[in-house]
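Here's the letter readout for the chains.
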6 protein chains.
Amino acid sequence: MVLEQPPVIINLSPTITELEEEHDLFQVAVEQFLIAADVLGLDNDMRKILSHCQREVIVNFPVEMDDGSVEVFTGYRVQHNSGPGPTKGGIRYHQSVTLSEVKALAMWMTWKCAVVGLPYGGAKGGVQVNPKLLSQAELQNLTRRYTTEIQPFIGPNQDIPAPDVNTNPQIMAWLMDTYSMNVGYSVPGVTTGKPIVLGGSEGRNEATGRGCVFAIENAARIQGLDLAKSSTVVQGFGNPGSVAARLMAELGSAVVAVSDSRGGIYNPNGLDLDAVSAHKARTGTVVG
Amino acid sequence: MVLEQPPVIINLSPTITELEEEHDLFQVAVEQFLIAADVLGLDNDMRKILSHCQREVIVNFPVEMDDGSVEVFTGYRVQHNSGPGPTKGGIRYHQSVTLSEVKALAMWMTWKCAVVGLPYGGAKGGVQVNPKLLSQAELQNLTRRYTTEIQPFIGPNQDIPAPDVNTNPQIMAWLMDTYSMNVGYSVPGVTTGKPIVLGGSEGRNEATGRGCVFAIENAARIQGLDLAKSSTVVQGFGNPGSVAARLMAELGSAVVAVSDSRGGIYNPNGLDLDAVSAHKARTGTVVG
Amino acid sequence: MVLEQPPVIINLSPTITELEEEHDLFQVAVEQFLIAADVLGLDNDMRKILSHCQREVIVNFPVEMDDGSVEVFTGYRVQHNSGPGPTKGGIRYHQSVTLSEVKALAMWMTWKCAVVGLPYGGAKGGVQVNPKLLSQAELQNLTRRYTTEIQPFIGPNQDIPAPDVNTNPQIMAWLMDTYSMNVGYSVPGVTTGKPIVLGGSEGRNEATGRGCVFAIENAARIQGLDLAKSSTVVQGFGNPGSVAARLMAELGSAVVAVSDSRGGIYNPNGLDLDAVSAHKARTGTVVG
Amino acid sequence: MVLEQPPVIINLSPTITELEEEHDLFQVAVEQFLIAADVLGLDNDMRKILSHCQREVIVNFPVEMDDGSVEVFTGYRVQHNSGPGPTKGGIRYHQSVTLSEVKALAMWMTWKCAVVGLPYGGAKGGVQVNPKLLSQAELQNLTRRYTTEIQPFIGPNQDIPAPDVNTNPQIMAWLMDTYSMNVGYSVPGVTTGKPIVLGGSEGRNEATGRGCVFAIENAARIQGLDLAKSSTVVQGFGNPGSVAARLMAELGSAVVAVSDSRGGIYNPNGLDLDAVSAHKARTGTVVG
Amino acid sequence: MVLEQPPVIINLSPTITELEEEHDLFQVAVEQFLIAADVLGLDNDMRKILSHCQREVIVNFPVEMDDGSVEVFTGYRVQHNSGPGPTKGGIRYHQSVTLSEVKALAMWMTWKCAVVGLPYGGAKGGVQVNPKLLSQAELQNLTRRYTTEIQPFIGPNQDIPAPDVNTNPQIMAWLMDTYSMNVGYSVPGVTTGKPIVLGGSEGRNEATGRGCVFAIENAARIQGLDLAKSSTVVQGFGNPGSVAARLMAELGSAVVAVSDSRGGIYNPNGLDLDAVSAHKARTGTVVG
Amino acid sequence: MVLEQPPVIINLSPTITELEEEHDLFQVAVEQFLIAADVLGLDNDMRKILSHCQREVIVNFPVEMDDGSVEVFTGYRVQHNSGPGPTKGGIRYHQSVTLSEVKALAMWMTWKCAVVGLPYGGAKGGVQVNPKLLSQAELQNLTRRYTTEIQPFIGPNQDIPAPDVNTNPQIMAWLMDTYSMNVGYSVPGVTTGKPIVLGGSEGRNEATGRGCVFAIENAARIQGLDLAKSSTVVQGFGNPGSVAARLMAELGSAVVAVSDSRGGIYNPNGLDLDAVSAHKARTGTVVG
């Protein structure tokens, strides 16, 4: 098969950590900002203000492990700029989370909200932990204690977390429950991405992958590409990647290759995505 | 003159920054703690908890300069351990302040309160600025904005600042006034080291130097030295150094040498401290 | 006249108190819940949690009577489950109000909100008093003091009262005014069922009766009954009963009998409801 | 030229101060209210309550001038009636602001909100200052300090300022920023009339002038006048006056005369409003 | 009898209102301050700040009278200067209370606290009412509503009322109870001068009269007068006047004349104060 | 051995539950109060108020057990009267805790504080649980969740818990830590009876037993008994019982019998209390 046009490559793998080994991520984010600032002709004062994060909170907190021992974890919550309104941004659990990474992500949240006109500033949080090494009980203990520690800095009018890498609706439910217990009544507005039964938004699960495809559609329109004649390659077949793959297929694009952290698969005539998803649900990977 | 015993050397110069160029100061503090923990036989969980700071807050805030431009400064407030009660610790203004230094100083405040049985945990704050380059108006603007930024984390029942390197009763008065204005009524308890007319403690000005001499007296008693026959050398003739020198002289010790950042002076028969202080007040240094 | 089908019987008389003489009302509510839990297949943990009320507050408070003496009244506010959001439920004034009754009603409010998908948990309140024995001044004093006592537990984001048996928009206005005075500014969201001029909802007066008829219409549709050919009997011709009667008549049903606590009237050809209402407004009963 | 009908005269000049020299403005407002109360048949208790302002706050606060000296300014914030909901009203900066004037304006805000059915009570604020004598830095200092002083009495659920005479979106931005800094997170709802980029409403700039023309259109309709055949005279060619003039011209009315505090201009065939505005922008007046 | 020295004249009658008819009382207070400022050599900025009251709150609030009608009363609470700590000052009920009077009294409270070194700023409050025309029930209603209205501005750490002209421990008990009810728990520190059983201070009842005699003793000592040989005249035989008279008698001074608002009595050999007090308790005056 | 006088019998066994099987404990407490009220001649209004508890809070809360299942526990916190100041009273964990018992204990705390003149009102709390069936982890989970549920009602200025039956310094430490975590800083004043290292009072451990002996000494003095010639019997050799026994022995009384829930021991010549305590520490009982 001869491709008339190069495939649409959707890269959703979390390669930040590799990058970061060589570069300070926040420094990268500031440099990006300064390029944009030149384009926008921002004055010097505004550049100084926007190239810093307003508030960076680091909390070190003990968690009881299942074996009765105590581990101390380091958590972050950074608010880049509260000018436009409450700040907003996810919380990630990853062994390589650093303050610099969280600061960069908080800054990017400000830009993301600004380009679509949402009245939010950017924020981000994280805990330095490999959640795959924790039991559910430990994960719950960690989430509840981290929530209590950052409680003075978050809230529906102040700073609103969301799920991110390795966090999910269950973790947001624990966060919301902890916050609500501590103030003495239910506060659903303290987080987004909570389970729908607790007031979460419908469609949020697919939102990241769908937004990715919205961007592809607009890019294709501007460049005059016909997606129905395109092929698609997805690097990172997790939640957003698999949603994006399915939506590209619905637009008529042949999804010819997908990969995850264990490897990739390729079929020049297009993969059977239902079969791939079923395989991944069963084995944990698209490979094999 | 032949000295019968080596002089008492009082070193009060802020040599932390030189040290820090080679070592991470918080790492030094943790190592010191672990040595003490071995002596105390502390269990592993307690070591993990106490070798971290509970809460570290970094704020980046704009200040309007006298020429109308804006500078963004980085301030810190670290609370090491709130177990014993409200946390307590000074705020320093210095161009080489780092998070690691503030964390180390906060930890040391916990130990200092604990060894004398005060029901306080340790804290410390700082702003990365060379205050000697600022006008009084700029210094006031910086102090008021920094206070506003850390306001949610301090208070009479929570965390109580104090003067430290390059901060003084005037700066504590601005801090207290800003905090009080923001809550709508006067809160003298939000800081110590404020001017006596605003409720500051008598004797606080001399407290650091006097505490230093208390330690010397106890050490001399234990080692069987007679301070009345001793001589004294003071490195760092600032507020605590000049007070310590005067008190050593009152105990009968000959203060034979004093120095500051510009150099030192020596008189084997003992210096005339009133004359030295007057000279320093006039010229800014003990030299010349 | 031969009825082709048995009449629609609308029973709105407050017979709870009779029932309660023999049964503990909350026990009844829990048993109902457990039947539903079996149908839903709820797990054991969830059954335990939902068969209790989260928070039950009892307040005993003095009220000055018109003759200058003091009476102490017992009031309740129970919040069954705040999981779905703020809790919501009426306040009743009745001499036979008990904690058990208020708990049962709070639990039922959770189910009522849940079946129609409202993001509220259930709550209920009450004061043990026969309001018909109080003057308006005493009723106002009692309402204002009861409101002050439960003020820490209610609020627009926390728990929102409403009128119930023997309470009305005037009492909600006193409640809202007391709450607002105490916090220092107007808080219309602290209660529903207030007078329209203070921000109450239009249509609320008819809402209970109308909801009753909505249920009848749906039941008739499912059972294939033609309401236009039906007759209606209303037991309890108070606010909801008279509204339901009027709406049934608008649907073409002949309202052949209505009753209140003093007795009932019957006309096989249908009653003139305007005349009945006018009679009741004048004499206090439908009888005679 | 013979006018078929007298011109529409739009008077937007701030002649309150002249009036006030002879009359106490709040007394005037109460007398107006009592006339309306007679028409409405209000009872005596309601007249007593509504003819007073609930809360009148006077603050005297120091501001540092550019030359280092301190001036003490007097500011007001009056809340007439919080019954309908949060109170709402502008803040004016004028050398002749008095408590009586601010009280009258607060009362009028209650009536203005009531006649259009907005769930707000009336409020008003002001500072006794001639803002034209202040530098931008002094104006900012004054605004930030005044905001801090009235902070306990305002807020999105309590009392919401807006621009008024000599205040503008920039001043509201300082107010919002001061309030937000003091509480520690962004509170856009604390004021209306802020810059659109901070969450201000589109169309607000033209709202006062447009509302004026809405009133004229309704009056003309009722009186059977044809505005397309009318001529218009505008006294006070500031923001609302120039907007009203432009909108009247769009309705076909010939704007034959406009004036400001320095004088007026007249052209029986209608003025070129773009030219007039350009002239005023350049010279500060319509004259010359 | 020939007096060797003129009598000590103790004037405690509330003649402020007469004075005020001719002078604005706050203007008088400012002029006094400026004389003292000259003596102290205060700089210009400090004069400007101290010659104003920081915060002046006026509240107009409805009270239900015994006959069911509503009266609207005007209350004041003025805080002159919160620099030294919480503000402190009495609340008076008098038909001639004005804002100017309350401001003057608040300023004087600052000076009174300062001269004896108490860490309080000055405040004062008042309600424009002739309490002698109110029943106890009306007085209680008025006090409770006034307390609620000024509640946001008072509190143990903020501003602490006390009894003054026509207010007493009972009124302070109502104030404390209202404040406590509104926050939901007991706050004894919100007022001084409450009944001893509620935590009031012993000796407070006699404090004003005793302080007066302390001043006389010091004046006599400085002037070399022997009080045991003096005679005393007391104008205003209310609480402080009768206490002062008794204490002067205990010091050996002959109290030869006392007066109240109805007239005076004179006995050159000294009055029998027990008899005078008993007469006044029975008849309401010293006359007759 | 012939006793010259009957032995002092100290009964500290928790026999409340047996009593309660037959009587409603709060009813007993009210009856006691009414007897005292007759002696004191209390008026009717005061009797009505004091024979009720101001606020009774019941919380039902889930706790995760070690096996992963959930149990729902019922906790109480009752505040009898906050008139004298903050309320104060212990928290007990017992399977037979009822609302009536907690109400009675809260009322008795008011009387206990009043008779010794402490400025506290009475309160009491409890959880219906047999703590001996819980692991330490479960006990901690239960304590932390109960604390969170009653958090809105307690605090240093509001209501201050303490240890009681089956609760101890460790449990108070968990309570204080939970409260402190939730507000974000250390609040040692939220409870008494915490470990001394966290700010607990020295001597508190012995306080109950010592108070018991103070009462005995006073009774003996009034009755003319010589305790040095007495013998003592202690029923309930727990914390207060063993302390009381030791103190009675120090006063010269022969402690001839002690018992606990498993039985008793008797030695007419006096027991060796150190040996008894050591036996109990080893075996859990005085018997055997």
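In this text the structure is predicted, and so the values were computed from the model without any measurement.

With respect to the overall build of chain A
Right, so step 1: When you go through chain A residue by residue, the secondary structure sums to nine helices and ten strands.
Right, so step 2: Over its C-alpha trace chain A gives a radius of gyration of 20 Å, about what one expects of a compact globule, namely 19 Å for 288 residues.
Right, so step 3: For chain A, with 288 residues in total, the buried portion stands at 49%.
Right, so step 4: The long-range fraction of contacts in chain A, counting pairs at least 24 apart against all pairs at least 6 apart in sequence, stands at 66%.
Right, so step 5: Taken as a whole, chain A presents about 13,200 Å² of accessible surface, with 55% of it coming from carbon and sulfur.
Right, so step 6: For chain A, the distance from the average site of its 21 positive side-chain charges to the average site of its 29 negative ones is 5 Å.

Observations concerning the packing of helix 7 (residues 204-223) of chain C against helix 8 (residues 239-250) of chain C
Residue and element names in this part refer to chain C.
Right, so step 1: Two numbers describe how helix 7 lies on helix 8: the axes approach to 8 Å, and their chain directions differ by 50°. Relative to helix 8, helix 7 is oriented oblique. In this structure, helix 7 crosses over helix 8, and the sense of that crossing is right-handed. Of the residues in helix 8, those touching helix 7 at Asn205, Glu206, Thr208, Gly209, Arg210, Cys212, Val213 and Ile216 are Asn239, Pro240, Val243, Ala244, Arg246, Leu247 and Met248.
Right, so step 2: Looking at the contact of helix 7 with helix 8 residue by residue, the classes come out as eight nonpolar, four polar and three charged.

With respect to the domain arrangement of chain A
Right, so step 1: Partitioning chain A into structural domains gives domain 1 (8-12 + 205-283) and domain 2 (54-202).
Right, so step 2: Averaged C-alpha coordinates put domain 1 of chain A and domain 2 of chain A at centres separated by 29 Å.

Quick look at helix 2 (residues 25-40) of chain B
Note that an α-helix has 3.6 residues per turn; residues three or four places apart therefore point the same way.
Residues and elements named next belong to chain B.
Right, so step 1: An ideal rise of 1.5 Å per residue puts 22 Å on 16 residues; helix 2 measures up with 23 Å between its terminal C-alpha atoms.
Right, so step 2: Measuring from the side-chain oxygen of the N-cap residue of helix 2 to the backbone nitrogen of phenylalanine 26 gives 3.3 Å; that N-cap residue is aspartate 24.
Right, so step 3: The first or second residue beyond helix 2 is glycine 41, which carries a positive phi of 65°.

Points about the interface of chain D and chain E
Right, so step 1: Contacts between the two partners involve 22 residues from chain D and, on the opposite side, 22 residues from chain E.
Right, so step 2: When chain D packs against chain E, close to 1,900 Å² is buried across both sides, 52% of that on carbon and sulfur atoms.
Right, so step 3: At the junction of chain D with chain E, the criterion picks out two salt bridges.
Right, so step 4: A salt bridge links Glu71(D) to Lys48(E); the nearest nitrogen and oxygen atoms lie 3.1 Å apart.
Right, so step 5: One can count 14 residue pairs in polar contact (both at pLDDT 80 or more) joining chain D with chain E.
Right, so step 6: For the side of chain D that touches chain E, the secondary-structure elements that each account for two or more residues are helix 3 (44-50), strand 2 (55-64) and strand 3 (70-79) of chain D.
Right, so step 7: Ranked by the residues each element gives to the side of chain D that touches chain E, the list is headed by strand 2 of chain D, at seven residues.
Right, so step 8: In terms of residue class, the side of chain D that touches chain E is made up of eleven nonpolar, five polar and six charged.

Brief notes about the sheet that holds strand 1 (residues 8-11) of chain B
All names here are of chain B.
Right, so step 1: Strand order in the open sheet made by the four strands is 1-8-9-10, with mixed pairing throughout. Edge positions in the sheet fall to strand 1 and strand 10 (263-266), since each has one partner strand and no second. Here the strands of the sheet are splayed against their neighbours by 15° on average, with no regard to which way each runs.
Right, so step 2: In the sheet, strand 9 (residues 254-260) pairs with strand 10 via four bridges, with the strands oriented antiparallel.

What to know about a nonpolar patch on the surface
Right, so step 1: A cluster of nonpolar side chains, Val115(A), Val116(A) and Leu118(A), forms an exposed patch at the surface whose accessible area comes to about 310 Å².
Right, so step 2: Overall, the relative accessible area of 60% leaves Val116(A) in the exposed class.

What about the pattern of salt bridges?
Residue and element names in this part refer to chain D.
Right, so step 1: According to the stated counting rule, one finds 66 salt bridges over all chains in the structure shown.
Right, so step 2: Where lysine 280 meets aspartate 260, a salt bridge forms, and the shortest distance between an N and an O atom there is 3.3 Å. Note that lysine 280 is positioned in helix 9 (residues 273-283) and aspartate 260 in strand 9 (residues 254-260), a separation of 20 residues in sequence.
Right, so step 3: We classify aspartate 260 as buried; its relative accessible area is 13%.

A look at the packing of aromatic side chains
Right, so step 1: Tallied over the entire structure, the rule returns 21 aromatic pairs over all chains.
Right, so step 2: For the ring pair Phe153(C) and Phe153(F), a centre distance of 5.1 Å and an interplane angle of 50° mean the geometry is tilted. A residue pair is termed interchain when its members come from two chains, as with Phe153(C) in the loop between helix 5 (136-150) and strand 7 (159-160) and Phe153(F) in the loop between helix 5 (136-150) and strand 7 (159-160). The residues Phe153(C) and Phe153(F) share a single accessibility class, namely buried.
Right, so step 3: The rings of Phe61(A), Phe73(A) and Tyr146(A) are connected pair by pair, giving a single aromatic cluster.
Right, so step 4: Sitting over the ring of Phe26(C), Lys103(C) keeps its end group 4.4 Å from the ring centre.

Quick look at the interface of chain D and chain C
Right, so step 1: Between chain D and chain C, the contact holds eight residues from the first and six residues from the second.
Right, so step 2: With both chains or domains summed, chain D and chain C bury close to 500 Å², and 53% of this area falls on carbon and sulfur atoms.
Right, so step 3: A per-residue breakdown of the area chain D buries against chain C is headed by Gly83(D), Asn157(D) and Gln158(D), which together make up 51% of the total.
Right, so step 4: Along the contact surface separating chain D from chain C lie two residue pairs in polar contact (both at pLDDT 80 or more).
Right, so step 5: Here the residues of the side of chain D that touches chain C sort into two nonpolar, five polar and one charged.

Calculation notes
- Residues numbered from 1 in each chain as written.
- Chains lettered and ligands numbered in written order.
- Predicted model: local features only at pLDDT ≥ 70, side-chain atom pairs only at ≥ 80, totals over all residues.
- Heavy atoms only, no water.
- Helix = DSSP H or I, 4+ residues; strand = E, 2+ residues; numbered from the N terminus.
- Rg over C-alpha atoms; globule rule 2.2 N^0.38 Å.
- Buried < 20%, exposed > 50% of the residue type's maximum accessible area, 1.4 Å probe, protein only.
- Contact = heavy atoms within 4.5 Å.
- Areas by Shrake-Rupley, 256 points an atom, 1.4 Å probe, with all protein chains shown as cover.
- Lys, Arg positive; Asp, Glu negative; His and termini not counted.
- Charge placed at Lys NZ, Arg CZ, Asp CG, Glu CD.
- Axes fitted to C-alpha atoms, helices over the stretch in contact; angles between N-to-C directions.
- Parallel < 35°, antiparallel > 145°, perpendicular 65-115°, else oblique.
- Left-handed = near helix turned anticlockwise from the far one by under 90°.
- Nonpolar A, V, L, I, M, F, W, Y, C, P; charged D, E, K, R; others polar.
- Domains from an automatic or database assignment.
- Expected span 1.5 Å × (residues − 1).
- Polar contact = N/O pair within 3.5 Å; in protein donor to acceptor, adjacent residues only side chain to side chain.
- Buried area = accessible area lost by both parts, 1.4 Å probe.
- Salt bridge = Lys/Arg side-chain N within 4 Å of Asp/Glu carboxyl O.
- Pairing = 2+ DSSP bridges.
- Patch = residues over 30% accessible without salt bridge, like charges linked within 9 Å, V, L, I, M, F, W, Y side chains within 5 Å.
- Phe/Tyr/Trp six-rings, centres within 6.5 Å; stacked < 30°, edge-to-face > 60°.
- Lys NZ or Arg CZ within 6 Å of the ring centre and 35° of its normal.

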